[in-house]
Amino acid sequence: MVTPDLSALREQVRADKASTLSALRQLTSGRGVKRVLRELTQHTDHTLRQLWLACDMPAECALVAVGGYGRGEQFPHSDVDVLVLLPDTPTDATHQAQCTECFIGACWDLGLDIGSSVRTIAQCVQEAQADVTVQTALLECRRLIGPIAAVEQLQQALQAVMDPKAFFVAKTLEMRQRHQKFENTPYALEPNCKESPGGLRDLHIVLWVAKAAGLGHTWDDLVHNGLATALEARQIKANEATLSLIRARLHELSGRREDRLVFDMQNAMAQAFGLNAQGPDEAAPTARGMRRASEALMKRYYWAAKAVTQLNQILLLNIEARLHDGDMNVVPLRPINERFFDNRGMLEVAHDRLYIEQPHAVLETFLVYQQTVGIKGLSARTLRALYNARPVMDAAFRRDPVNRATFMAILQQPQGITHAMRLMNQTSVLGRYLWVFRRIVGQMQHDLFHVYTVDQHILMVLRNVRRFFMAEHTHEYPLCSQLAAGWDKPWLLYAAALFHDIAKGRGGDHSQLGRWEVRKFCREHGVPTADAKLIEFLVSEHLTMSHIAQKQDLSDPDVIHAFAQRVGNERYLTALYLLTVADIRGTSPKVWNAWKGKLLEDLYRTTLHTLGGHAPDPDTVVQTRKREALSLLALHTQPFEAHKPLWDTLDVSYFMRHDASDIAWHTRQLSRLLSVSKQEGKPLSVTVRARTSLAGEGMQVLVYAPDQADLFARICGYFDQSGFSILDAKVHTALNGYAIDSFQVIATHEPGQYREWLPMVELGLTQAIANPQPLPEPSKGRVSRRVKSFPVTPRVALQPDEAAQKWLLSISASDQVGLLYRVAKVLAQHHVSVQLAKVSTLGERVEDSFLISGAALQHNKTQLDIETELLKALTT
């Protein structure tokens, strides 16, 4: 057997593909994409047939296209999945094996991404029964070349062993598992247009289970069989075309099989679709008054994915109902009221035109869903009726007093608020009733720490608030759950959660714009004045507590006093604390950590004390902390007055900045060493102690060493080189010239092994500080895709205190490996001392603040030099 000459065929394949991709590039809408995919499929069919003949495959063998290729949807860089179908008893097994090997090798040599299987009919049936993935691929088998009878026999054998009900269960479970992988939302900022909820795979599943049940192969077949309406079929085709074009263009632009709309592809994709940055837009302007081209593209994707999610749910419920039509144990419909029935745990409308004839029933649907025990979702009939009732949800619908009263009742229900609001958003009811909410559906957030669109973030925050009131989540947020237990009106917090980011993307301060929106909502919905004022306050101030806790010195009585004045009373403080925790937890799983939780809790408790008429007097605070620290030391059998050698060298600012447990820990670690040093008349060398953090994740590190200009930089350099990230630093110089510095750090690699790392940190950091060598160069790491796509313009601000003795340095930049060390190195070079560092990492953006001092800061020129060098360090 002679290996075929592929050079001419290779050139033909390239020319055909180039011609088809050229046609693809001309498309800016989904119309025409099916033709392009069909052409790619036909070119591949022709190529495979030529290779089959060139390899002299036996006439008794057949070549069958399976999977997506069998469906006739060949994307530019998709796998070419084929089945070489063998006879049960080959005429010449050796020749057959040689030809098959020649064919598959020729496919690879030609550059085809071939995915091949070689089986007999019996083996196909055996594999299909054992693996639903194989069964699914074979469900879409299509003959390319070879005996027709063999392929028909394969299809008949597969149909004979097909159990439609079992197949339906397997595919829906598979879909649910896939959705969980993508956090059950189509609104991820980097969605997978094939696999994410609302992606092409959700449409494939509908046709797979329909075909397995003999209910049709196409969308038109589903209409013919009464499973879909003509309108639904048109909507499916339009959205399928949009998603298919996005996937095809992703493959073409990336030059590989890429199904993710990653950040660094979104702008190029938008340009390929003919989308450009636009001026202010009612639907989705950005905070700069301009809408990015990528935002317009993603909005188009999200709307398509949302429609697919809705239609997938409707059609799967219809198919499931049809599969169970003949069951003898079908439970009869149970009436709930005149408009709704309980259909096996699904809420069903009394008739298809209910919402058209009685628009008030639209919102009542979700109230009944909350109030009726045993209802776990909406039936296909209800979903379809809601989908077709969108035109009735107009301005008059929104102004209707009955609808406003129903919406308030939904908001005030004791349970079911999270699921009800999610269902309302999924069915587009929430955005059509709250028109201001519709503006932020699918709205991206370019701030490097939100990982959800604005509407999904809002619903995540709502979920988090609701969990504070649920006993089963008490272990997650003990203080929040304790405060929620004494809160009388949870719906006030739900309303604030719904509106806190409602004005994102308009330009201007979204907190103040949101305050105006929620004031209007409260007025229209008859919210009592006192409640309305609280909701307004929460929306307008929802960023305040986080900002103060993470960027200001909480040991400063003036900071606490100013914040107490801003919140005014305990009720407002508690509500703001609960909303702040829920908000931060709803941005991204990476943003929240135990240290941020401790900072917020400390701010809450200190402010609560101040609001109770107990403003923090420095002398009283210091004496109280000393007493508490001594009580803790007594538990460790410290000798009488063993603390004095250390405490005599510490001033008020040290005791103000550290709580009693930290003071006691520092004293236990250092007092004996200081006593021995004094007795021997020798200065104490560098001392480093570490322990697992009392706040939860991470470790606390104590450094006691002779003060030097570059000490802070050396410590930061060690943590940078060792893969630790500093969350908080308190730097203090004692009266004896020693620095007593404490750090809260977490690992950027393998978190959770902190106890094992304590000895390593103590030894390594001691050596790094004692080493007189020049400071090492900062480590360099790979910049993430998000930072590349949405860079933060570095900012440096330097402001003096009232006496111009200490300065507050604030920096903002994209997060990078070694960033804090680069800042510390610049300050060390100018002999500037760091007294306090507050490190706030928000996803992939950092906002750090430092309290610094030094002679160099007294001169304008040196200040400019420092700011210039810091900006350079932030952009390196």
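Higher on the page you've got the structure.
Please read these numbers as outputs of a predicted model, since none were measured by experiment. The numbering scheme is per chain: residues are counted from 1 as the chain's sequence reads. The model is predicted, so local features are restricted to residues of pLDDT at least 70 and side-chain atom pairs to those at 80 or more, both for listing and for counting; the totals for chains, interfaces and linings are taken over all residues. Only hydrogens and water are removed before side-chain values are computed, so all heavy atoms of the structure are retained for them.

### A closer look at the overall build of the chain
Okay, step 1: Assigned secondary structure in the chain consists of 39 helices and 17 strands.
Okay, step 2: Reported as C-alpha extents along the three principal axes, the dimensions of the chain are approximately 100 × 75 × 55 Å.
Okay, step 3: Residue pairs in contact within the chain that sit at least 24 positions apart in sequence constitute 72% of those at least 6 positions apart.
Okay, step 4: Working definition of accessibility: Shrake-Rupley area with a 1.4 Å probe, residue cover restricted to the visible protein chains. Of the roughly 37900 Å² of accessible surface on the chain, 51% is carried by carbon and sulfur atoms.
Okay, step 5: Measuring between centres, the 96 positive side-chain charges of the chain sit 3 Å from its 94 negative side-chain charges. Only DSSP runs of H or I with at least four residues qualify as helices, and only runs of E with at least two residues qualify as strands; both kinds are numbered from the N terminus onward. Two residues qualify as a contact provided that any one of their heavy atoms is within 4.5 Å of a heavy atom in the partner residue. For this count, His and the chain ends are skipped, Lys and Arg are scored as positive, and Asp and Glu as negative. By convention, the charge on Lys lies at NZ, on Arg at CZ, on Asp at CG and on Glu at CD.

### A look at the packing of aromatic side chains
Okay, step 1: Two rings belonging to Phe, Tyr or Trp (six-membered ring only in the last case) form a pair when the distance between their centres is within 6.5 Å. Interplanar angles under 30 degrees mark stacking, angles over 60 mark edge-to-face geometry, and anything in between is tilted. Tallied over the entire structure, the rule returns 20 aromatic pairs.
Okay, step 2: Ring geometry for Tyr704 versus Tyr738: centroids 4.9 Å apart, planes at 20 degrees, classification stacked. Pair noted here: Tyr704 is in strand β10 (residues 699-706) and Tyr738 is in strand β12 (residues 738-747), with a separation of 34 residues, a long-range link. Of the two residues examined, Tyr704 and Tyr738, each falls in the buried class.
Okay, step 3: Each ring, one from Phe712 and one from Phe743, has its centre 6.2 Å from the other, and the planes form 20 degrees; the classification is stacked. Here Phe743 lies in strand β12 and Phe712 lies in helix α35 (residues 711-722), a separation of 31 residues in the sequence.
Okay, step 4: Accessibility expressed as a relative area gives 2% for Phe743, which makes it buried.
Okay, step 5: Joined through ring pairs, the aromatic side chains of Phe712, Tyr718, Phe719, Phe724, Phe743, Tyr754 and Trp757 make up one cluster.
Okay, step 6: Geometrically, a lysine NZ or arginine CZ counts as sitting over a ring once it is within 6 Å of the ring centre and also within 35 degrees of the ring normal. For Arg390, the ring lying beneath its charged end belongs to Tyr387, and the centroid distance is 4.0 Å. To sort residues, take the accessible area from a 1.4 Å probe on protein chains only and compare it with the maximum for the residue type: under 20% means buried, over 50% means exposed, and anything in between is partly exposed.

### Quick look at the nonpolar core
A general tendency of soluble globular proteins is for nonpolar side chains to be buried together.
Okay, step 1: Grouping buried Ala, Val, Leu, Ile, Met, Phe, Trp, Tyr and Cys residues that are joined through side-chain atoms within 4.5 Å yields what is termed a nonpolar core. Counting 220 residues, the largest nonpolar core has Met421, Val701 and Phe719 as the members making the most contacts within it.
Okay, step 2: Aside from chain neighbours lying at most four places away, what touches Met421 is Phe407, Ile410, Leu411, Leu430, Leu459, Leu462 and Leu498.
Okay, step 3: One finds Val80, Val82, Cys102 and Ile145 within the second-largest nonpolar core, a separate group that totals 27 residues.

### A closer look at the pattern of salt bridges
Okay, step 1: Here, a salt bridge means any side-chain nitrogen of Lys or Arg that lies within 4 Å of a carboxyl oxygen of Asp or Glu. Under the defined criterion, the tally for this structure stands at 43 salt bridges.
Okay, step 2: The salt bridge partner of Arg71 is Glu140, with a shortest N-O separation of 2.6 Å. Of this pair, Arg71 sits in the loop between α3 (67-70) and β2 (80-86) while Glu140 is found in the loop between α6 (132-139) and β4 (142-145), placing the two residues 69 residues apart along the sequence.
Okay, step 3: Judged by relative accessible area, which is 25%, Arg71 ranks as partly exposed.
Okay, step 4: By relative accessible area, which is 9% here, Glu140 ends up buried.
Okay, step 5: Across the salt bridge formed by Glu364 and Arg339, the nearest N and O atoms sit 2.7 Å from each other. Of this pair, Glu364 sits in helix α15 (residues 360-371) while Arg339 is found in the loop between β5 (334-335) and β6 (340-343), placing the two residues 25 residues apart along the sequence.
Okay, step 6: The exposure class of Glu364 is buried, given its relative accessible area of 17%.

### Quick look at helix α12 (residues 263-272)
Okay, step 1: Among the residues making up α12, those that are buried are Phe263, Met265, Gln266, Met269, Ala270 and Ala272. Taken end-on, α12 shows its buried residues confined to a sector of 150 degrees, consistent with a single buried face.
Okay, step 2: Gly274 sits one or two residues past α12 and shows a positive phi near 75 degrees. Picture the helix axis, draw a direction to every C-beta atom, and the arc is the one those directions span.

### Focus: empty space enclosed by the protein
Okay, step 1: Buriedness for pockets is judged along seven lines, at least five of which must meet protein on both sides within 12 Å for an open set on the 1 Å grid over protein atoms alone, while cavities are sets there where a 1.4 Å probe fits but cannot get out, and lining residues have an atom within 4 Å of a point. Grid points are joined across faces, edges and corners, and a volume is the space filled by probe spheres set on the points. Applying the stated criterion across every chain yields a total of 3 cavities of 30 Å³ or more.
Okay, step 2: Taken as a whole, the largest cavity spans an internal volume of roughly 70 Å³.
Okay, step 3: Around the largest cavity, the lining residues are Trp595, His658, Asp662, Gln700, Asp728, Lys730, Ser742, Phe743 and Gln744.
Okay, step 4: When contributions to the lining of the largest cavity are tallied by element, the ones reaching two or more residues are β11 (724-730) and β12.

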